[in-house]
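# Summary of the model geometry
Here is how the chains run, residue by residue.
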Amino acid sequence: MPAVKTIGVLTSGGDAPGMNAAIRAVVRKAIVNGVSVKGIKKGYQGLLNEEIIDMDTRSVSDIIQRGGTILGTARCSEFRTEEGQQKGADICKKHGIDGIVVIGGDGSYRGAQALARHGINTVGIPGTIDLDIACTDYTIGFDTAINTAMDAIDKVRDTSSSHERCSIIEVMGRNAGYIALWCGVANGAEDILIPEKYDYNEQSIINNIIANRRRGKTHHLIVNAEGIGHSTSMARRIEAATGIETRATILGYMQRGGNPTCTDRYYASIMGAYAADILCEGKSNRVVGFKNGAFVDFDIEEALQMQKNISEYEFEVSRALSMSGMTK
Ligand code: ADP
Ligand code: F6P
């Protein structure tokens, strides 16, 4: 007998490609396990507004390939309050929901933790393009986002080379530089600026650009993370200092949309099924992760206390491969 009768599923925080694949897996694995599923629309806001729908295997047909989230997502300040959390738990009980799968980031896990405190079994799944969740080596949406950004940067590179320009391309990542680092390496950028490492020494970038131009390079690509930002004003200053035409391109929300890659669909499917399984086993206050080659789960508090750092070695390699500032 499963430990829960009806589970709810919601998506919360920023959307990410692959969230639909995760919803589909939660719904189908729960049904296979003999458990009913309800979809909660628009994250915790939808829970407080009782936007709750019945879900069956058909309601998740034809969504595995779609970006965004069919349930919608939201940010909800009321859910940060004790009253909001109590109300959310009461609404779950009213609808017979005794377990919830929350697909989102660290903030969403805090909400899941609060529901668990109020007697609703909860499991989180890492859904964010930023890769910045410490308890897991993989977050749903990252692979699609980096491939979208990489393709866009390749295109900017073509025109940049043709016009012998310098280009600053800003990618998402308010607090984390993973998208910038991965794309910077994959696109062969001359400079990669990430919040975890940038020393704000613009003069050294300017020196690199001048040195590279002397070596005959026709373009200079700078991949800049959103957490550093200010790409347009940076471009103006670089152009003034180097005399080389410099343009800024901010990729923005295109990185968060689009059909998920195979990798995102796969991780989302396994993580979604895993979350449904552990809820059915009676586990609560857990978060699913992929760590050291295996799908695992952690206590939410333990997961939130973990730290994730950009690898020193990978960052050093990114610097070495760009050959920036070399004279030969
Ligand atoms: P993410 O889940 O991507 O990190 P947010 O940090 O915006 O995104 O969190 C998403 C939602 O989770 C918030 O709008 C809020 O409803 C809920 N949430 C965030 N922090 C807390 C908290 N400390 N307690 C309860 N709910 C929270
Ligand atoms: O999904 C992650 C992320 O893209 C961050 O990199 C970014 O800072 C944030 O979401 C912005 O989200 P929004 O504009 O929806 O608040």
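See the structure shown above.
A short tour of the structure in this document, coming up. Residue indices follow the written sequence of each chain, beginning from 1 at its first position. In the order they appear in the text, chains get letters beginning with A and ligands get numbers beginning with 1. Given that the model is predicted, a residue must reach a pLDDT of at least 70 before its local features are reported, and side-chain atom pairs must reach 80 or more before they are shown or counted; all residues, however, enter totals for whole chains, interfaces and linings. Only hydrogens and water are removed before side-chain values are computed, so all heavy atoms of the structure are retained for them.

### Considerations on the site of ligand 1
Test applied: One heavy atom within 4 Å of a molecule or strand is enough for the residue carrying it to be called near that molecule or strand. In the analysis that follows, any N or O atom pair within 3.5 Å is treated as a polar contact, provided that within protein one partner can donate a hydrogen and the other can accept it, and provided that, for residues neighboring in sequence, both atoms belong to side chains. Every accessible area reported is derived by Shrake-Rupley at a probe size of 1.4 Å, with residue values counting cover from the shown protein chains alone. The way it works is that DSSP assigns letters per residue, a run of H or I at least four long becomes a helix, a run of E at least two long becomes a strand, and they are numbered from the N terminus. Side-chain classes follow a simple rule in which Ala, Val, Leu, Ile, Met, Phe, Trp, Tyr, Cys and Pro form the nonpolar group, Asp, Glu, Lys and Arg form the charged group, and the remainder, Gly included, forms the polar group.
Ligand 1 sits among 15 residues. The nearest are Arg75, Cys76, Gly105, Gly107 and Ser108. Within the backbone of Asp106, a nitrogen or oxygen atom sits 3.4 Å from an oxygen atom of ligand 1. A total of 550 Å² of accessible area belongs to ligand 1 in isolation, and the protein chains cover 81% of it. Ranked by the residues each element gives to the shell around ligand 1, the list is headed by helix H4 (residues 106-117), at five residues. Looking at the shell around ligand 1 residue by residue, the classes come out as three nonpolar, eight polar and four charged.

### Considering the pairing of strand S10 (residues 286-291)
For a regular strand, side-chain orientation follows a simple rule: the groups alternate between the two sheet faces. This is how the line gets drawn: In short, DSSP must find at least two bridges between two strands for them to pair.
Pairing geometry for strand S5 (residues 121-126) and S10, over two bridges, is parallel. For Gly124, the partnering residue across the bridge sits in S10 and is Val287. With six bridges joining them, S10 and strand S11 (residues 294-299) adopt antiparallel strand pairing. If you follow Val287 over to S11, its bridge partner there is Phe298.

### Here we look at unusual backbone geometry
The phi dihedral of Glu50 falls on the positive side, at around 55°, and the residue is not glycine. Note on placement: Glu50 falls in the loop between helix H2 (43-48) and strand S3 (52-55). The backbone of Asn285 sits at a positive phi, close to 60°, despite the residue not being glycine.

### Comments concerning helix H8 (residues 231-242)
Operational definition: Any helix carries an expected span of 1.5 Å times its number of residues minus one. Only protein chains enter the calculation, and the probe is 1.4 Å; a residue is then buried if its accessible area is under 20% of its type maximum, exposed if over 50%, and partly exposed in between. In this context, the arc is that of the directions from the helix axis out to the C-beta atoms. We call two residues in contact when some of their heavy atoms are within 4.5 Å.
Here H8 is twelve residues long and its end C-alpha atoms lie 16 Å apart, about the 16 Å a rise of 1.5 Å per residue gives. Every buried residue of H8 is accounted for by Ser231, Met234, Ala235, Ile238 and Thr242. With its buried residues spanning 100° around the axis, H8 presents them on a single face. The exposed residues of H8 that point more than 90 degrees off its buried face are Arg236 and Ala240. Close packing links the buried residues of H8 with strand S6 (166-171), strand S7 (191-193), helix H7 (202-214), strand S8 (220-225) and strand S9 (246-250). Gly243 occupies a position one or two residues after H8 and carries a positive phi of about 75°.

### Points about the pattern of salt bridges
Note the following rule: We count a salt bridge whenever a side-chain nitrogen from Lys or Arg sits within 4 Å of a carboxyl oxygen from Asp or Glu.
Inspection of the entire model under this criterion finds 16 salt bridges. Glu312 is paired through a salt bridge with Lys197; the nearest N and O atoms lie 2.5 Å apart. With Glu312 in helix H11 (residues 312-322) and Lys197 in the loop between S7 and H7, this residue pair connects regions lying 115 residues apart in the sequence. According to the relative accessible area criterion, Glu312 is exposed, its value standing at 55%. Residue Arg286 pairs with Asp297 through a salt bridge whose shortest N-O separation is 2.8 Å. Of this pair, Arg286 sits in strand S10 while Asp297 sits in strand S11, and the two are eleven residues apart along the sequence. On the basis of relative accessible area, Asp297 is assigned to the buried category, the value being 12%.

### Details of the environment of Tyr138
Here Tyr138 shows up in the loop between S5 and helix H5 (142-162). Residue Tyr138 is classed as buried on the basis of its relative accessible area of 8%. The sequence separation of Tyr138 and Gly289 amounts to 151 residues, and the corresponding C-alpha distance is 7.3 Å. Among residues more than four places away in sequence, those in contact with Tyr138 are Pro126, Leu131, Asp143, Thr263, Asp264, Tyr267, Met271 and Phe290. At 2.6 Å, the side chain of Tyr138 and the side chain of Asp264 are in polar contact.

### Some words on the nonpolar core
Stated formally: Residue types Ala, Val, Leu, Ile, Met, Phe, Trp, Tyr and Cys, when buried and joined through side-chain atoms within 4.5 Å, form a set referred to as a nonpolar core.
One finds Ile7, Val9, Val101 and Ile179 to be the most contacted residues of the largest nonpolar core, which totals 61 residues. If sequence neighbours within four positions are ignored, Ile179 has contacts with Ile129, Asp130, Phe142, Ala145, Ile146, Val171, Met172 and Gln255. Among the nonpolar cores identified, the runner-up in size contains 25 residues, and Cys76, Ile120, Ala303 and Leu304 belong to it.

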